[in-house]
Amino acid sequence: MARLQLTNVAKRYGNVEVLRDINLDIADGEFIVLVGPSGCGKSTLLRMIAGLEPISDGDFLIDGERMNDIRPRDRDIAMVFQSYALYPHMDVARNMGFSMEIRGAATAERTSRVAEAGRALGLDKLLERLPKALSGGQRQRVAMGRAIVRDPRAFLFDEPLSNLDAALRVEMRLEIARLHQRLGTTMVYVTHDQVEALTLADRIVVLNGGIIQQVGSPLELYERPANRFVAQFIGSPTMNVVAAAPDGASAVRLASGARILLPNHSGAGRAAELGIRPEHVDVVEPGTGDLDAVADVIEHLGSDTNVYTVVEGLGPIMARVRGNVPARSGDRLGLRIRPEHAHLFARDGRALAATGA
Amino acid sequence: MTATRTAATSGISRAWRSAYMRYLVEPYLYVGPAVAMIALVMLVPLVIGISYSFQSITLLKPFETGWIGLENYATLWRDAKFWLALENTFWWTLSSLTFQFALGLGLALLLNTQFYGKRLFQALVFLPWAVPTFLSALTWAWLFNPVIGPLPHWMAALGILSEPYNILGDPDLAMWGPVAANVWFGVPFFAITLLAALQSIPGELYEAAEIDGASAWQVFTKITLPFLAPMIAITVMLRTIWIANFADLIFVMTGGGPANATQILSTYVFTTAFRKLDFGYASAIAVALLGLLMVYAVLLLAIRRRFVKI
Amino acid sequence: MSAIRRPSPVLTFGKYAALAFYLIFALFPLYWLVKISITPDQLVFTEGTALWPSETTLGNFRTVIFHTDFLAYFGNSLIVSLGTAAATTLIAAGAGYAFSRFNFGGKRVIIALMLVTQMFPLLMIIAPIYKIVAAMGLLNSLTSLIVVYTAFNVPFATFLMQSFFDGIPKDLEEAAMMDGCTRFQALRKVIFPLTLPGLGATLGFVFTAAWSELLFALMLISRNEAMTFPVGLLTFVSKFSVDWGQMMAAGVLALIPSCLFFIFIQRYLVQGLTSGAVKG
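As the structure is a prediction and not an experimental result, all values here were calculated from the model. (Residues numbered from 1 in each chain as written. Chains lettered and ligands numbered in written order. Predicted model: local features only at pLDDT ≥ 70, side-chain atom pairs only at ≥ 80, totals over all residues. Heavy atoms only, no water.)

Section: the overall build of chain C
Just so we agree on the cut-off: Only DSSP runs of H or I covering at least 4 residues are called helices, and only runs of E covering at least 2 are called strands; the numbering of each starts at the N terminus. To sort residues, take the accessible area from a 1.4 Å probe on protein chains only and compare it with the maximum for the residue type: under 20% means buried, over 50% means exposed, and anything in between is partly exposed. Residues are treated as being in contact if the distance between any of their heavy atoms lies within 4.5 Å. Only four residue types enter the charge count, namely Lys and Arg as positive and Asp and Glu as negative; His and the chain termini do not. A charge is said to be at NZ when it belongs to Lys, at CZ for Arg, at CG for Asp and at CD for Glu.
On a plain count of helices and strands, chain C comes out with 13 helices and 0 strands. Mapped in sequence order, the helices and strands of chain C form the string α-α-α-α-α-α-α-α-α-α-α-α-α. Out of the 280 residues belonging to chain C, those deemed buried represent 58%. In chain C, 73% of the contacts between residues at least 6 apart in sequence involve partners at least 24 apart. Here chain C carries 17 positive and 12 negative side-chain charges, and the mean point of each set is 10 Å from the other.

In structure tokens, the structure reads:
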């Protein structure tokens, strides 16, 4: 049970600043996901929380106690590594019980805790195997078991699912969600996969270029991205963003000449770009929508259809439509933008607040 | 008093315990013993050795010790034995290296193919590398001895020698004795390094070449050799230096004789230091050898930068 | 199927002829050493050049072991080689670990210095070493040999150990530290068991190198009772150069420890000889 607080934390390697002005208050029991493109500093931040990387500047507190100079072993935090980092020369049981062994726990207690965790993870028949005799998914479970057995104050996950195939990834994602429900322990989870972020997190921290872009619940990030980076990073397929110029107080004009009315949007007067998620673009008869487009590629997903189009003078726009669309490459289409879901961005990329939302 | 001291101590220990300090200090604890050892036993003596070359230090003449400037080098310049040793060093290194490389490359190519009993074969042909050098030297010296060794008789039978005699006693042929021992001892090293390089060539390249219709010879010259080139360059350079410095075989087999026919610079250094106990002159020869090797290394690196693109 | 190129019979024959050549070239000298060592004295001069003696004996080995000082030389060499191997491996493991796991100021300089020590003629320092050892009163002591050999072998052994540490993921000791180990505990409980093969290989390489060293031992040891095997054998050769059988029996004895270690480290030869690629 732990509250983690980062205040003005920074990380420098020599003169290179990889993280700066990190302020984050993680409540007890919260599931926080750090997400961002590779090289954004998310893993470094996690390793600083773990104590594996020294903190260059600022303070890191667990339950109000400053941790900057406390060794990893004394922080009482467990971590699941991307490579799992199972000890190759120890069997599954010893791997899972290693932290208790180090702390000098009684053998009987250790055995029962390992057995319990093994049962919970479906590893009870594998306890005497060496890691090399396990499949990827089983290794992943052992790595989680190793973290569970010691009952730590907080769990850290460093891209734990990235070495698994797609089906296993979904299964393990659910497993982790269940684990959090059952234990209620604070968890910090690093991933570059936004689906994992959206499905697991209480709150998501989006990082880019060593700076926190936005902190918020999955829905907040999806509906009210703070800037263009977050808007395009969160949500799949990626949000369409096109250049736009103010046209009156409540409308913008696009490069193709189309005028989009945004009656409830107070930022229209300062807009430089308009963003619209593909699922908020409707495909209509040519000439009846906001934009006239030519279909480029149609992807039929069964439940949905991805329609990649090109709008003359504007460039590519993608629409995602429920069900099936009988369109073909080269067809002329009309596109309608749902104004209540449009996002406007200023010249510096910051989102302009939408009223009424 | 007590109060200030406690405060000072706790300040230090807090700084020491801080994660950042630990992070900074730790590697030096691990690397320290190695650095100390190398500095004290190799680098300091190296500097002292260079300084010896400007002094007169002969243990047999303890009263003539002192700084003499470049006198040792002047003597060196006039020393016919030095120039002979220099020439011998060149031939010793060149012939040893050529045979080691040619045979080593052949062995590496063989070991890169499949055949029955390969593991055992590899262990056996690499065995000479494990034989202590002094024993390699003695073994080959004995092989060249007509009383107990077969080689003189075979060479006589082949018409290379007029009669079975010991070539180690013949000034014209003596150098071939240590060279033979050196080749025998050194082939495994070349074979191993080249084999490692061969095995690092991606198999897809060979498959692609085969699909493109390349002949075996084309594959060798267009793929294998270019890939091996950087490894060959670095191995040859390091090996040249190593062989030029390698005095054991010659010292044991011929002691530099007969009539200095096998004296190379490194054996000259050793015999001058060991037999004459003339440390000043020995150091001057050693510095000259070091200088030559450095010139060689710089030249080779320059050539390499020019021709090898990887 | 027939489209796949099969090697011609000529090529196949050439390949096996080459294999045979290398095998004979590598093993014949050793065969000869063993052959003479088991030839009775009285037959050496008459059958010295025959491929196999008409009679064999182990008498030469008996004489060498029980009536000469070789057992003492053997013991001295064993002490020096084992001492050197242990000290070198310990020191090199530390340095190799630091090179593998840390970035620290001066790392490049230290690595460069280590490479330099592999390049310059070691004989350059034979005179200074002699004077220093003599000044310390350590001539004829095995300790001085161990110290000198250790320094000679540390650079190569460090590069070797580094390559072994590089093969162990850094995650493992981080996981151990998260599990509550100090760095030292992580080293002892997680890294050490995984480096055992590497430590063994390094021990083997260094042992072999120390077992072979002749010139510095010749310079620093002159008293019979402190002689290592190479020095003793060479002295024996110059004093009794007619006892062929005994000399070769001694040679075979000198070969045994090297060969044992060779079999042990065979698997690591490629790694060893290519790491740094600096030592024979």
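After presenting the structure, the write-up continues.
Description of the packing of aromatic side chains
Put simply, the test is: Note on aromatic pairs: the rings of Phe, Tyr and Trp (six-membered ring only in Trp) are paired at centre separations within 6.5 Å, and the planes decide the class, stacked below 30 degrees, edge-to-face beyond 60, tilted for the rest. Only Lys NZ and Arg CZ are tested; either one counts as a charge over a ring when it is within 6 Å of the ring centre and within 35 degrees of the ring normal.
The tally for this structure, following the rule as stated, stands at 48 aromatic pairs over all chains. Centroid distance Trp-129 of chain B to Phe-205 of chain C: 5.6 Å. Interplanar angle 70°. Geometry classified as edge-to-face. Residue Trp-129 of chain B is located in helix α6 (residues 127-130), and its partner Phe-205 of chain C is located in helix α9 (residues 183-212); the two belong to separate chains. Of the two residues, Trp-129 of chain B and Phe-205 of chain C, both sit in the buried class. Between the aromatic rings of Phe-207 of chain C and Trp-211 of chain C, the centroid separation amounts to 5.6 Å while the plane-to-plane angle is 15°, which identifies the pairing as stacked. Of the two residues, Phe-207 of chain C and Trp-211 of chain C are both situated in helix α9; the distance of 4 residues between them amounts to about one turn of the helix. Overall, Phe-207 of chain C belongs to the buried group, its relative accessible area being 2%. Put simply, the rings of Phe-70, Tyr-73, Phe-74, Phe-207, Trp-211, Phe-229, Phe-236 and Phe-261 of chain C touch in pairs and so form one group of aromatic residues. Positioned above the aromatic ring of Tyr-222 of chain A is the side chain of Arg-277 of chain A, whose terminal nitrogen or guanidinium carbon lies 4.3 Å from the ring centre.

Points about the domain arrangement of chain C
All names here are of chain C. This is how the line gets drawn: Per the annotation, domain bounds derive from an automatic or database assignment of domains. When two parts are brought into contact, each loses some accessible area as probed by a 1.4 Å sphere; the total of that loss over both is the buried area. Salt bridges are defined by distance alone: a side-chain nitrogen of Lys or Arg within 4 Å of a carboxyl oxygen of Asp or Glu. In protein, a polar contact means a hydrogen-donor-capable atom and an acceptor-capable atom, both N or O and within 3.5 Å, with residues adjacent in sequence counting only if both atoms are side-chain atoms; elsewhere, any N or O pair within 3.5 Å suffices. Under the scheme applied, nonpolar residues are Ala, Val, Leu, Ile, Met, Phe, Trp, Tyr, Cys and Pro; charged residues are Asp, Glu, Lys and Arg; polar residues are all the others, including Gly.
Assigned domains within chain C: domain 1 (8-67) and domain 2 (68-279). Using C-alpha coordinates to define each centre, domain 1 is positioned 31 Å away from domain 2. Each partner contributes to the interface: domain 1 provides 15 residues, whereas domain 2 provides 13 residues. Together domain 1 and domain 2 conceal approximately 1300 Å² of surface at their shared face, both sides included; 78% is due to carbon and sulfur atoms. It is Leu-33, Val-64 and Ile-65 in domain 1 that bury the most area against domain 2; as a group they hold 40% of the surface buried on that side. In this assembly, domain 1 and domain 2 are joined by 0 salt bridges. Here domain 1 and domain 2 share 2 residue pairs in polar contact (both at pLDDT 80 or more) between them. For the side of domain 1 that touches domain 2, the secondary structure elements donating two or more residues are α1 (9-37), α2 (41-47) and α3 (59-67). At 7 residues, the largest contribution of residues to the side of domain 1 that touches domain 2 is made by α3. When the residues that make up the side of domain 1 that touches domain 2 are grouped by side-chain class, the tally is 11 nonpolar, 4 polar and no charged.

Considerations on the confidence of the model for chain C
Residues and elements named next belong to chain C. This is how it is decided: Within a predicted model, pLDDT stands for the predictor's per-residue confidence, ranging from 0 to 100.
Averaged over every residue, the pLDDT of chain C is 85; residues scoring 70 or more account for 91%. Ranking the elements of chain C by mean pLDDT puts helix α13 (residues 269-274) last, at 58, and helix α4 (residues 70-101) first, at 93. In this model residues 276-280 is a low-confidence stretch, pLDDT under 50, and it forms 21 contacts with partners more than four residues away in sequence or in other chains. Predicted as a complex, the structure gets a pTM of 0.82 and an ipTM equal to 0.85.

Side note on the confidence of the model for chain A
Note: predicted coordinates in regions of low pLDDT should not be interpreted at a detailed level. Confidence in the prediction of chain A, expressed as mean pLDDT, is 90, and 99% of residues score 70 or more. For chain A, strand β13 (residues 259-261) of chain A is the element with the lowest average pLDDT, namely 87, and strand β3 (residues 31-35) of chain A is the one with the highest, namely 95.

A closer look at the interface of chain C and chain B
Across the contact, 90 residues belong to chain C and 93 residues belong to chain B. Buried area between chain C and chain B, summed over both chains or domains, comes out near 8100 Å², and the portion from carbon and sulfur atoms is 82%. Run the count over chain C and chain B and you get 1 salt bridge. For Glu-26 of chain B, the salt bridge identified is with Arg-183 of chain C, shortest N-O distance 2.8 Å. Residues of the side of chain C that touches chain B, tallied by class, amount to 71 nonpolar, 14 polar and 5 charged.

Looking at the sheet that holds strand β10 (residues 211-216) of chain A
All names here are of chain A. Applicable threshold: Two strands qualify as a pair provided DSSP detects at least 2 bridges between them. Fitted lines through C-alpha atoms give the axes, limited to the stretch in contact for helices. The angle between two N-to-C directions lies from 0 to 180 degrees.
Overall, mixed pairing links the 6 strands, which are arranged β6-β7-β8-β3-β9-β10 in an open sheet. The open sheet terminates on both sides in strands that have one partner only, identified here as β6 (77-80) and β10. Within the sheet, the average angular offset between the axes of one strand and its neighbour, ignoring direction, is 15°. Bridge count for strand β9 (residues 203-208) against β10 is 5 bridges, and the pairing is antiparallel. The residue of β10 that forms the bridge with Val-206 is Gln-214. The strands touched by helix α4 (residues 136-149) within the sheet are β6 and β7 (154-158), with β6 carrying the most contacts at an inclination of about 175°.

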